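Topology and contacts: notes
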Amino acid sequence: GGSTEGSLNCTQTTVTVGAGGAAFSGCDIVGSGGAGTYTIQATSGTLTTTTSLNVAAGTAAQLAFTPATPGPGTAGSSVPSVKVSVEDQYGNVVTTGGSVTISIASGSPQSSFNSGTTNVSLTGGVATFTNLVVDKAGSYTLTATPNSIGGVTTAVDSNPFNVNPAAENKLVIT
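Definitions and limits used
Residues numbered from 1 in each chain as written. Predicted model: local features only at pLDDT ≥ 70, side-chain atom pairs only at ≥ 80, totals over all residues. Heavy atoms only, no water. Phe/Tyr/Trp six-rings, centres within 6.5 Å; stacked < 30°, edge-to-face > 60°. Helix = DSSP H or I, 4+ residues; strand = E, 2+ residues; numbered from the N terminus. Buried < 20%, exposed > 50% of the residue type's maximum accessible area, 1.4 Å probe, protein only. Pairing = 2+ DSSP bridges. Axes fitted to C-alpha atoms, helices over the stretch in contact; angles between N-to-C directions. pLDDT = per-residue confidence, 0-100. Contact = heavy atoms within 4.5 Å. Polar contact = N/O pair within 3.5 Å; in protein donor to acceptor, adjacent residues only side chain to side chain. Patch = residues over 30% accessible without salt bridge, like charges linked within 9 Å, V, L, I, M, F, W, Y side chains within 5 Å. Areas by Shrake-Rupley, 256 points an atom, 1.4 Å probe, with all protein chains shown as cover. Salt bridge = Lys/Arg side-chain N within 4 Å of Asp/Glu carboxyl O. Core = buried A, V, L, I, M, F, W, Y, C linked by side-chain atoms within 4.5 Å.

1. Overview of the packing of aromatic side chains
- All chains considered together, the criterion is met by one aromatic pair.
- Centroid distance tyrosine 140 to phenylalanine 161: 6.5 Å. Interplanar angle 45 degrees. Geometry classified as tilted. Of this pair, tyrosine 140 sits in strand E13 (residues 138-147) while phenylalanine 161 sits in strand E15 (residues 161-164), placing them 21 residues apart in sequence. As far as the burial class goes, tyrosine 140 and phenylalanine 161 line up, both buried.

Spelled out as structure tokens, the structure:
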């Protein structure tokens, strides 16, 4: 991937150089970073050196809706693409196998998926649902359940999202 931005914060910011190197401890990457490639720059007086540092995602720990709020959608039509990511404990996407099953957790009025694929295999740590159709307008919450994803056993709910009424397409005269 490309370069990632963030700040390197260490509990020890000044060290003595010995045997051709320096070691820092208690360091965290803070900011929009996470897993990715970083350029580290060190300066001492008039000397400056840079190097690349690759930070890999940790082990799979959780599912997350990305973004947390799907939709909005229109009743009877596909809800805009819903994505569920496998993440490490820090929110980095973890590339792993397995699949995710999606269902409607709650909503008013009660509804279900009228059509669509509700179990999707992971690609690059992300399950993308592209053809889910909710038949009734209302406010809904989705549940994503992991299937055979090592380290992830807990389902997760999305934030509530709206399914708007479909355009009227018939006139009833009584």
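Still more to cover.
2. Points about the sheet that holds strand E5 (residues 62-65)
- With antiparallel pairing, three strands are arranged side by side in an open sheet as E5-E7-E11. Edge positions in the open sheet fall to E5 and strand E11 (126-129), since each of these has one partner strand only. Neighbour to neighbour, the strand axes of the sheet diverge by 20 degrees on average, direction disregarded.

3. Here's the deal with the environment of alanine 56
- With respect to the element layout, alanine 56 can be found in the loop between strand E4 (47-55) and E5.
- Since its relative accessible area comes to 59%, alanine 56 is described here as exposed.
- Between the C-alpha atoms of alanine 56 and valine 94, which are 38 residues apart in sequence, the distance is 8.9 Å.

4. Notes on the confidence of the model for the chain
- Looking at the chain, pLDDT values average 84 and 91% of them are 70 or higher.
- Summarising per-element confidence for the chain, the mean pLDDT is lowest in strand E2 (residues 27-30) (71) and highest in strand E10 (residues 119-121) (97).

5. Quick word on the pairing of strand E8 (residues 99-108)
- Summarising the sheet, E8 and E10 pair through three bridges and their orientation is antiparallel. Across the sheet, valine 100 pairs through a bridge with valine 120, a residue of E10.
- Examined bridge by bridge, E8 and E13 share nine bridges and lie antiparallel to one another. Among the inter-strand pairings, threonine 101 is bridged to a residue of E13, identified as threonine 145.

6. Topic: the environment of asparagine 159
- Relative to the elements of secondary structure, asparagine 159 occurs in the loop between strand E14 (156-157) and E15.
- Residues asparagine 159 and proline 67, 92 residues apart in the sequence, show an inter-C-alpha distance of 9.2 Å.
- Once residues lying within four places of it in the same chain are set aside, the contact partners of asparagine 159 are Ala68, Thr69, Pro70 and Tyr140.
- Polar contacts involving the side chain of asparagine 159 include one to the side chain of threonine 69, which spans 3.2 Å.

7. Observations regarding the environment of glycine 98
- Locating glycine 98 in the fold gives a position in the loop between strand E7 (82-87) and E8.
- Sequence separation between glycine 98 and valine 126 is 28 residues; the distance between their C-alpha atoms is 10.0 Å.
- In this view, glycine 98 contacts Ser121, Leu122, Asn147, Ser148 and Ile149; residues no more than four positions away in its chain are not counted.

8. Comments concerning a nonpolar patch on the surface
- Taken together, the side chains of Leu8, Ile29 and Leu53 make up a nonpolar region of the molecular surface, amounting to roughly 220 Å² of accessible area.
- Position of isoleucine 29 relative to the elements: it lies in strand E2.
- When its relative accessible area of 32% is taken as the criterion, isoleucine 29 is described as partly exposed.

9. A closer look at the nonpolar core
- Among the nonpolar cores identified, the biggest contains 25 residues, and Leu63, Val82, Val86, Val100, Ile102 and Phe129 are the most heavily contacted of them.
- Going through the elements one at a time, E5, E7, E8, E11, E13 and E15 are the ones with two or more residues in this core.
- When near neighbours in sequence (up to four residues on either side) are disregarded, valine 86 contacts Ala60, Gln62, Leu63, Asn92, Val93, Val94, Thr96, Leu122, Gly125, Ile149 and Val152.

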